[in-house]
Amino acid sequence: MKILIINGPNLNLLGKREPSIYGNSSFDDFFKDLKAEFPTVELSYFQSNVEGELINKLHEVGFNFDAIVMNAGAYTHTSIGIADAIAGIKTPVIEVHISNVYAREEYRHVSLMAKNCIGVIAGLGLNAYRLAILHFISIHPQ
Ligand code: DQA
(Lines give C-alpha, C1' and ligand atoms only; values in the text may rest on other atoms or scores of the structure.)
Protein backbone atom coordinates (compact mmCIF):
# COMPACT_ATOMS: atom_id res chain seq x y z
CA MET A 1 0.00 0.00 0.00
CA LYS A 2 1.45 3.33 -1.12
CA ILE A 3 0.68 6.38 1.01
CA LEU A 4 2.09 9.88 0.47
CA ILE A 5 2.13 12.53 3.18
CA ILE A 6 2.10 16.06 1.74
CA ASN A 7 2.90 19.08 3.88
CA GLY A 8 2.36 22.62 2.65
CA PRO A 9 3.88 26.01 3.51
CA ASN A 10 5.86 26.61 6.69
CA LEU A 11 5.56 22.99 7.81
CA ASN A 12 9.27 22.55 7.01
CA LEU A 13 9.77 24.64 10.17
CA LEU A 14 8.06 22.14 12.50
CA GLY A 15 10.02 21.89 15.73
CA LYS A 16 11.19 25.50 15.39
CA ARG A 17 7.96 27.24 14.42
CA GLU A 18 5.61 28.42 17.23
CA PRO A 19 6.30 25.30 19.36
CA SER A 20 3.45 26.14 21.76
CA ILE A 21 1.05 25.52 18.83
CA TYR A 22 2.90 23.00 16.69
CA GLY A 23 5.15 21.15 19.17
CA ASN A 24 8.89 20.54 19.42
CA SER A 25 9.35 17.67 17.02
CA SER A 26 10.70 18.15 13.50
CA PHE A 27 8.70 16.39 10.80
CA ASP A 28 11.75 14.43 9.70
CA ASP A 29 12.11 12.90 13.19
CA PHE A 30 8.38 12.17 13.36
CA PHE A 31 8.44 10.66 9.86
CA LYS A 32 11.21 8.23 10.91
CA ASP A 33 8.99 7.05 13.78
CA LEU A 34 6.01 6.68 11.44
CA LYS A 35 8.00 4.56 9.00
CA ALA A 36 9.09 2.29 11.84
CA GLU A 37 5.51 2.05 13.10
CA PHE A 38 4.05 1.06 9.72
CA PRO A 39 6.70 -1.22 8.14
CA THR A 40 4.20 -2.80 5.73
CA VAL A 41 3.14 0.57 4.25
CA GLU A 42 5.18 2.20 1.48
CA LEU A 43 5.21 5.60 3.10
CA SER A 44 6.69 8.66 1.41
CA TYR A 45 6.83 12.35 2.22
CA PHE A 46 6.76 15.59 0.21
CA GLN A 47 6.86 19.18 1.50
CA SER A 48 6.72 22.44 -0.44
CA ASN A 49 6.08 26.08 0.30
CA VAL A 50 4.94 26.59 -3.31
CA GLU A 51 1.27 26.15 -4.21
CA GLY A 52 1.92 24.95 -7.79
CA GLU A 53 4.42 22.31 -6.59
CA LEU A 54 1.78 20.93 -4.22
CA ILE A 55 -0.70 20.77 -7.12
CA ASN A 56 1.87 19.09 -9.39
CA LYS A 57 2.57 16.48 -6.70
CA LEU A 58 -1.17 15.73 -6.32
CA HIS A 59 -1.39 15.20 -10.12
CA GLU A 60 1.74 13.03 -10.13
CA VAL A 61 0.63 10.55 -7.45
CA GLY A 62 -3.13 10.99 -7.61
CA PHE A 63 -3.76 8.17 -10.10
CA ASN A 64 -1.36 5.54 -8.76
CA PHE A 65 -0.99 5.91 -4.98
CA ASP A 66 -3.53 4.32 -2.63
CA ALA A 67 -3.87 7.25 -0.26
CA ILE A 68 -2.74 10.81 0.48
CA VAL A 69 -2.54 12.51 3.88
CA MET A 70 -2.34 16.27 3.32
CA ASN A 71 -1.69 19.19 5.58
CA ALA A 72 -1.95 22.11 3.16
CA GLY A 73 -1.10 24.60 5.93
CA ALA A 74 -2.39 28.10 5.17
CA TYR A 75 -3.34 27.04 1.60
CA THR A 76 -6.15 25.02 3.20
CA HIS A 77 -7.99 28.28 3.74
CA THR A 78 -7.18 30.01 0.43
CA SER A 79 -6.35 27.64 -2.42
CA ILE A 80 -9.06 26.85 -4.97
CA GLY A 81 -6.24 25.30 -7.04
CA ILE A 82 -5.42 22.68 -4.38
CA ALA A 83 -9.12 22.00 -3.76
CA ASP A 84 -9.66 21.49 -7.51
CA ALA A 85 -6.60 19.22 -7.77
CA ILE A 86 -7.97 16.98 -5.00
CA ALA A 87 -11.35 16.86 -6.77
CA GLY A 88 -9.62 15.93 -10.03
CA ILE A 89 -7.56 12.95 -8.86
CA LYS A 90 -8.59 9.38 -8.04
CA THR A 91 -6.54 8.82 -4.86
CA PRO A 92 -8.49 9.57 -1.65
CA VAL A 93 -7.14 12.39 0.53
CA ILE A 94 -7.50 12.97 4.27
CA GLU A 95 -6.97 16.60 5.33
CA VAL A 96 -5.00 16.94 8.56
CA HIS A 97 -4.08 19.82 10.85
CA ILE A 98 -1.79 19.71 13.85
CA SER A 99 -3.59 22.48 15.71
CA ASN A 100 -7.30 22.83 16.41
CA VAL A 101 -8.01 25.30 13.63
CA TYR A 102 -11.56 25.83 15.02
CA ALA A 103 -10.15 27.20 18.28
CA ARG A 104 -8.00 29.75 16.41
CA GLU A 105 -8.57 32.80 14.18
CA GLU A 106 -11.81 32.82 12.20
CA TYR A 107 -9.98 32.70 8.87
CA ARG A 108 -8.69 29.25 9.85
CA HIS A 109 -12.24 27.91 10.32
CA VAL A 110 -12.79 27.61 6.57
CA SER A 111 -11.26 24.84 4.49
CA LEU A 112 -11.72 25.08 0.73
CA MET A 113 -10.42 21.53 0.28
CA ALA A 114 -12.39 19.67 2.98
CA LYS A 115 -15.39 18.87 0.81
CA ASN A 116 -13.12 17.08 -1.68
CA CYS A 117 -11.43 14.98 1.03
CA ILE A 118 -12.80 11.79 2.58
CA GLY A 119 -12.29 13.23 6.07
CA VAL A 120 -10.59 15.84 8.22
CA ILE A 121 -8.55 15.48 11.44
CA ALA A 122 -7.61 18.58 13.46
CA GLY A 123 -6.39 19.43 16.94
CA LEU A 124 -4.69 16.15 17.85
CA GLY A 125 -1.13 17.23 17.13
CA LEU A 126 1.11 15.05 14.96
CA ASN A 127 -1.14 12.10 15.84
CA ALA A 128 -3.37 13.33 12.99
CA TYR A 129 -0.99 11.79 10.45
CA ARG A 130 -0.86 8.48 12.37
CA LEU A 131 -4.66 8.32 12.66
CA ALA A 132 -5.13 9.08 8.96
CA ILE A 133 -2.75 6.23 8.04
CA LEU A 134 -4.59 3.86 10.40
CA HIS A 135 -7.85 4.78 8.69
CA PHE A 136 -6.44 4.08 5.21
CA ILE A 137 -5.07 0.72 6.40
CA SER A 138 -8.46 -0.19 7.86
CA ILE A 139 -10.32 0.47 4.57
CA HIS A 140 -7.65 -0.96 2.24
CA PRO A 141 -8.69 -4.24 0.58
CA GLN A 142 -6.25 -7.06 1.50
C1 DQA B 1 -2.10 24.10 10.13
C2 DQA B 1 -3.17 25.16 10.45
C3 DQA B 1 -3.15 26.26 9.41
O4 DQA B 1 -4.14 27.24 9.71
C5 DQA B 1 -1.79 26.94 9.41
O6 DQA B 1 -1.75 27.93 8.41
C7 DQA B 1 -0.67 25.98 9.26
C8 DQA B 1 -0.73 24.71 9.99
C9 DQA B 1 -2.01 23.02 11.22
O10 DQA B 1 -1.42 21.98 10.95
O11 DQA B 1 -2.51 23.20 12.33
O12 DQA B 1 0.33 26.27 8.63
O13 DQA B 1 -2.46 23.45 8.92
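See the structure above.
Residues numbered from 1 in each chain as written. Predicted model: local features only at pLDDT ≥ 70, side-chain atom pairs only at ≥ 80, totals over all residues. Heavy atoms only, no water.

Caption draft 1: Fine view of helix H2 (residues 27-37). When we look at burial in H2, the residues that qualify are Phe 27, Phe 30, Phe 31 and Leu 34. Angularly, the buried residues of H2 cover 100° about the axis, an arc narrow enough to put them on a single face. Facing away from the buried side of H2 by over 90 degrees, the exposed positions are Asp 28, Lys 32 and Ala 36. Contacts from the buried residues of H2 go to strand S1 (2-7), strand S2 (42-47) and helix H5 (127-139). (Buried < 20%, exposed > 50% of the residue type's maximum accessible area, 1.4 Å probe, protein only. Helix = DSSP H or I, 4+ residues; strand = E, 2+ residues; numbered from the N terminus. Arc of directions from axis to C-beta. Contact = heavy atoms within 4.5 Å.)

Caption draft 2: Spatial organisation of the sheet that holds S1. Spatially, S2-S1-S3-S4-S5 is the arrangement adopted by the five strands of the open sheet, whose pairing is parallel. Where the open sheet ends on each side, the last strands, each with one partner, are S2 and strand S5 (119-122). The average undirected angle you get between the axes of adjacent strands in this sheet is 20°. Relative to S5, strand S4 (residues 93-97) runs parallel, the two sharing four bridges. Bridge pairing in S5 links Val 96 to Ile 121. Packing of H5 onto the sheet brings it into contact with S1, S2, strand S3 (67-71), S4 and S5, and relative to S4 it is tilted by some 160°. (Pairing = 2+ DSSP bridges. Axes fitted to C-alpha atoms, helices over the stretch in contact; angles between N-to-C directions.)

Caption draft 3: Inspection of the pattern of salt bridges at higher detail. For the structure shown, the criterion picks out five salt bridges. For the salt bridge of Glu 37 with Arg 130, the shortest nitrogen-to-oxygen distance reads 2.8 Å. A residue pair is termed long-range when its members are at least 10 positions apart, and Glu 37 in helix H2 and Arg 130 in helix H5 qualify at 93 residues. Glu 37 gets classed as partly exposed once you look at its relative accessible area, which sits at 38%. According to the relative accessible area criterion, Arg 130 is partly exposed, its value standing at 21%. Note that Glu 105 is salt-bridged to Arg 104, the shortest N-O span being 4.0 Å. In the salt-bridge network here, residues are joined through shared partners; they are Arg 104, Glu 105 and Arg 108. (Salt bridge = Lys/Arg side-chain N within 4 Å of Asp/Glu carboxyl O.)

Caption draft 4: Examining the site of the ligand more closely. Lining the immediate surroundings of the ligand are Arg 17, Tyr 22, Asn 71, Gly 73, Ala 74, His 77, His 97, Ile 98, Ser 99, Val 101 and Arg 108. For the ligand, an oxygen atom lies 2.8 Å from a polar atom in the side chain of Asn 71. For the ligand, an oxygen atom lies 2.6 Å from a polar atom in the side chain of Ser 99. Out of a free accessible area of 320 Å², the ligand has 99% covered by protein chains. Structurally, the ligand is housed in the largest pocket. Residues of the shell around the ligand, tallied by class, amount to four nonpolar, five polar and two charged. (Near = heavy atom within 4 Å. Polar contact = N/O pair within 3.5 Å; in protein donor to acceptor, adjacent residues only side chain to side chain. Areas by Shrake-Rupley, 256 points an atom, 1.4 Å probe, with all protein chains shown as cover. 1 Å grid on protein atoms, 1.4 Å probe; cavity = no way out; pocket = protein on both sides within 12 Å on 5 of 7 lines; lining within 4 Å. Sits in = over half its atoms within 2 Å of the grid points. Nonpolar A, V, L, I, M, F, W, Y, C, P; charged D, E, K, R; others polar.)

Caption draft 5: Geometry of the nonpolar core. Counting residues in each nonpolar core, the largest one holds 24 residues, and the members touching the most others are Leu 34, Val 69 and Tyr 129. For this core, the secondary structure elements donating two or more residues are S1, H2, S3, S4 and H5. For this core, the leading source of residues is H5, giving five residues. Setting aside its immediate chain neighbours within four residues, Leu 34 contacts Ile 5, Leu 43, Tyr 129, Arg 130 and Ile 133. Leu 4, Tyr 75, Ala 83 and Ile 89 belong to the second-largest nonpolar core, a separate cluster that totals 19 residues. (Core = buried A, V, L, I, M, F, W, Y, C linked by side-chain atoms within 4.5 Å.)

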